[in-house]
Amino acid sequence: MFLDNSQSTSRWMFAETLTMLIGTALIIYSNFDNENSNNYFIAGIVLVVAFMIMLWINPSYFYFNVDDKYVDIRNMSAFPVLRKPKQYKFPKQGLVSYEFPSGVFGLQKLLVFTVKGLDPKTKKPVTVTSEPINITALSKKAVADLENTLKKLVKAK
């Protein structure tokens, strides 16, 4: 299975940037227009608050691929300035469990998975749980496909 949400992430990034720029421009413009200054200021504040909510939800670029031997998961924040790219590549048999918690009062969809394997340095068995991965920008169908694939991988052990 292959998932790549670069298009929806690009739309989120564009919407974040646009709301920030237009909101700031309206707040600045409200200082120059004496007649409708309150209307422009309120509209600008609403857009800046919408930008803050979008920034708080922080959807991410999400890449998921399962090939013959490995599961490859990559993610990176959609906000253009504060990106933290992460990549997880592990054998298919190593997946122990997964869950889909929600965050930010249910506005975020997250993925957390647990992998079991050998530590390459010490050669001892290790179980590692991932940091929560934001999958908010995925469609409902893509999340359902992801859940079905992960369910098959966990049952295949």
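Reference entry: report on the structure contained in this document. (Residues numbered from 1 in each chain as written. Predicted model: local features only at pLDDT ≥ 70, side-chain atom pairs only at ≥ 80, totals over all residues. Heavy atoms only, no water.)

## Side note on the layout of surface pockets
By volume, the largest pocket amounts to about 260 Å³. Lining of the largest pocket is provided by 14 residues; of these, N58, S60, N75, K86 and P132 occupy positions nearest its centre. Those elements that provide at least two residues to the lining of the largest pocket are β3 (70–77), β7 (108–118) and β9 (133–134). Take the lining of the largest pocket: its biggest share by element is three residues, from β3. Looking at the lining of the largest pocket, its residues break down into five nonpolar, six polar and three charged. In terms of lining, the second largest pocket is formed by 14 residues, of which the most central are Y88, K89, F90, V115 and V128. (1 Å grid on protein atoms, 1.4 Å probe; cavity = no way out; pocket = protein on both sides within 12 Å on 5 of 7 lines; lining within 4 Å. Points joined across faces, edges and corners; volume = space filled by probe spheres on them. Helix = DSSP H or I, 4+ residues; strand = E, 2+ residues; numbered from the N terminus. Nonpolar A, V, L, I, M, F, W, Y, C, P; charged D, E, K, R; others polar.)

## Concerning the packing of aromatic side chains
Taken as a whole, this structure holds six aromatic pairs when the rule is applied. When the centroid spacing of 6.4 Å and the interplanar angle of 5° are considered together, the rings of F62 and F64 count as stacked. One aromatic cluster is present, formed by Y88, F90 and F113 through successive ring pairs. Of note, R74 hangs over the ring of Y63, and the distance from its end group to the ring centre comes to 4.2 Å. The aromatic ring of Y70 is capped on one face by K89, whose charged end is 5.4 Å from the ring centroid. (Phe/Tyr/Trp six-rings, centres within 6.5 Å; stacked < 30°, edge-to-face > 60°. Lys NZ or Arg CZ within 6 Å of the ring centre and 35° of its normal.)

## Focus on the packing of helix α1 (residues 6–29) against helix α2 (residues 37–57)
Two numbers describe how α1 lies on α2: the axes approach to 7 Å, and their chain directions differ by 150°. Between α1 and α2, the angle is such that the two are roughly antiparallel. Viewed along their axes, α1 and α2 form a crossing whose handedness is left-handed. Across the interface between the two elements, W12, A15, E16, T19, M20, I22, G23, T24, L26, I27 and Y29 of α1 pack against Y40, F41, A43, G44, I45, L47, V48, F51, M54 and L55 of α2. Its residues assigned to classes, the contact of α1 with α2 comprises 16 nonpolar, four polar and one charged. (Axes fitted to C-alpha atoms, helices over the stretch in contact; angles between N-to-C directions. Parallel < 35°, antiparallel > 145°, perpendicular 65-115°, else oblique. Left-handed = near helix turned anticlockwise from the far one by under 90°. Contact = heavy atoms within 4.5 Å.)

## Focus on the pairing of strand β2 (residues 60–66)
Counted residue by residue, β2 has five buried out of seven residues, so it is predominantly covered. With three bridges connecting them, strand β1 (residues 2–4) and β2 associate as antiparallel partners. Among the inter-strand pairings, D4 is bridged to a residue of β2, identified as Y63. Direction of pairing for β2 relative to β3: antiparallel, over a ladder of seven bridges. (Buried < 20%, exposed > 50% of the residue type's maximum accessible area, 1.4 Å probe, protein only. Pairing = 2+ DSSP bridges.)

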